[in-house]
Amino acid sequence: NFRISTTGQYAGIGALIGVVNNKTVITHPYKGFPAYKSGLRVGDELIAVDGKQVQNKGTSDVSALLKGQPKTEVEVKVKRYGVKEDLIFKIKREKISVGNVSHHTI
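Note that the structure is predicted; figures quoted are calculated from it, not measured.

Asker: Before we go on, may I ask you to explain the overall build of the chain in this structure?
Answerer: Counting its secondary structure elements, the chain contains three helices and eight strands. Reading the helices (α) and strands (β) of the chain from amino to carboxyl end gives α-β-β-β-α-β-β-α-β-β-β. Per-residue burial for the chain yields a buried fraction of 31% across its 106 residues. Of all intrachain contacts in the chain linking residues separated by at least 6 positions in sequence, the fraction that spans at least 24 positions is 47%. With an accessible surface of roughly 7300 Å², the chain has 50% of that area assigned to carbon and sulfur atoms.

This is the structure:
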């Protein structure tokens, strides 16, 4: 968290997650980053990360599991609308740079 707040960088899969209908889902895979390249889609419900069940866990807990050292692999199990079987993605973490968000008040 310190590295993110001071440098805007971290190693992870490059996707925003959020809670929709009490389920933790992918809300935005960043184009060109590991989540996007692996095929994760908006709306994919996160079931497990590296074998740890994440249903009913907060987004900060799930986010912490998705982050790690660059070039390390993380296994993500998701449920996708319209697909019967759960899908498993093996994703190699990359250094993620979060751009500055400008703040303007009048």
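Asker: Can you walk me through the environment of Ser 60 in this structure?
Answerer: By the secondary structure assignment, Ser 60 is in helix α3 (residues 59-66). Taking the C-alpha atoms as reference points, Ser 60 and Gly 18, separated by 42 residues in sequence, lie 9.5 Å from one another.

Asker: Can you walk me through the nonpolar core in this structure?
Answerer: Side chains of nonpolar character tend, in soluble globular proteins, to be buried together. Counting residues in each nonpolar core, the largest one holds 16 residues, and the members touching the most others are Ile 13, Leu 40, Leu 46, Leu 66, Val 76 and Ile 91. Broken down by secondary-structure element, the contributors of at least two residues to this core are β2 (15-20), β4 (45-49), α3, β6 (73-79) and β7 (87-92). When sequence neighbours within four positions are dropped, the list of residues in contact with Val 76 reads Leu 46, Ala 48, Leu 66, Leu 87, Ile 88, Phe 89 and Ile 91.

Asker: I tried to follow the side chain of Thr 24 on my own but got confused; where do I start?
Answerer: Mapped onto the elements, Thr 24 comes out in strand β3 (residues 23-29). For Thr 24, the residues in contact, after removing those within four places along its chain, are Ile 17, Gly 18, Val 19, Asp 44, Glu 45, Leu 46, Lys 57, Thr 59 and Val 62.

Asker: Which parts of the structure should I look at to understand the packing of aromatic side chains?
Answerer: Two aromatic rings, taken as a pair, are described by how far apart their centres are and by the angle between their planes. For the structure on display, the rule yields one aromatic pair. Relative to Phe 33, the ring of Tyr 30 lies with its centre 6.4 Å away and its plane at 75 degrees, an arrangement referred to as edge-to-face. Classification of Phe 33 by relative accessible area gives partly exposed; the value is 24%.

Asker: Is there a simple way to explain the pattern of salt bridges in this structure?
Answerer: Pairing is possible between side chains of opposite charge, provided their charged atoms come close. Per the counting criterion, the structure on display carries three salt bridges. Here Lys 37 ties to Glu 94 by a salt bridge, and the two come within 3.3 Å at their closest N and O atoms. With a gap of 57 residues between them, Lys 37 in helix α2 (residues 34-38) and Glu 94 in strand β8 (residues 94-97) connect regions that are remote in the sequence.

Asker: Would you mind going over the pairing of β4 with me for this structure?
Answerer: Regular strands place their side chains on alternate faces of the sheet. The buried count for β4 comes to five of five residues, which makes it a mostly enclosed element. The pairing of β4 with β6 spans four bridges and is antiparallel. Residue Leu 46 lies in a different strand from β6, and its bridge partner there is Val 78. The pairing of β4 with strand β5 (residues 52-53) spans two bridges and is classified as antiparallel. The partner of Val 49 across the bridge, within β5, is Lys 52. The hairpin turn running from β4 into β5, its antiparallel successor, is two residues long, and Asp 50 in that turn takes a positive phi close to 50 degrees.

About the criteria used
- Residues numbered from 1 in each chain as written.
- Predicted model: local features only at pLDDT ≥ 70, side-chain atom pairs only at ≥ 80, totals over all residues.
- Heavy atoms only, no water.
- Helix = DSSP H or I, 4+ residues; strand = E, 2+ residues; numbered from the N terminus.
- Buried < 20%, exposed > 50% of the residue type's maximum accessible area, 1.4 Å probe, protein only.
- Contact = heavy atoms within 4.5 Å.
- Areas by Shrake-Rupley, 256 points an atom, 1.4 Å probe, with all protein chains shown as cover.
- Core = buried A, V, L, I, M, F, W, Y, C linked by side-chain atoms within 4.5 Å.
- Phe/Tyr/Trp six-rings, centres within 6.5 Å; stacked < 30°, edge-to-face > 60°.
- Salt bridge = Lys/Arg side-chain N within 4 Å of Asp/Glu carboxyl O.
- Pairing = 2+ DSSP bridges.

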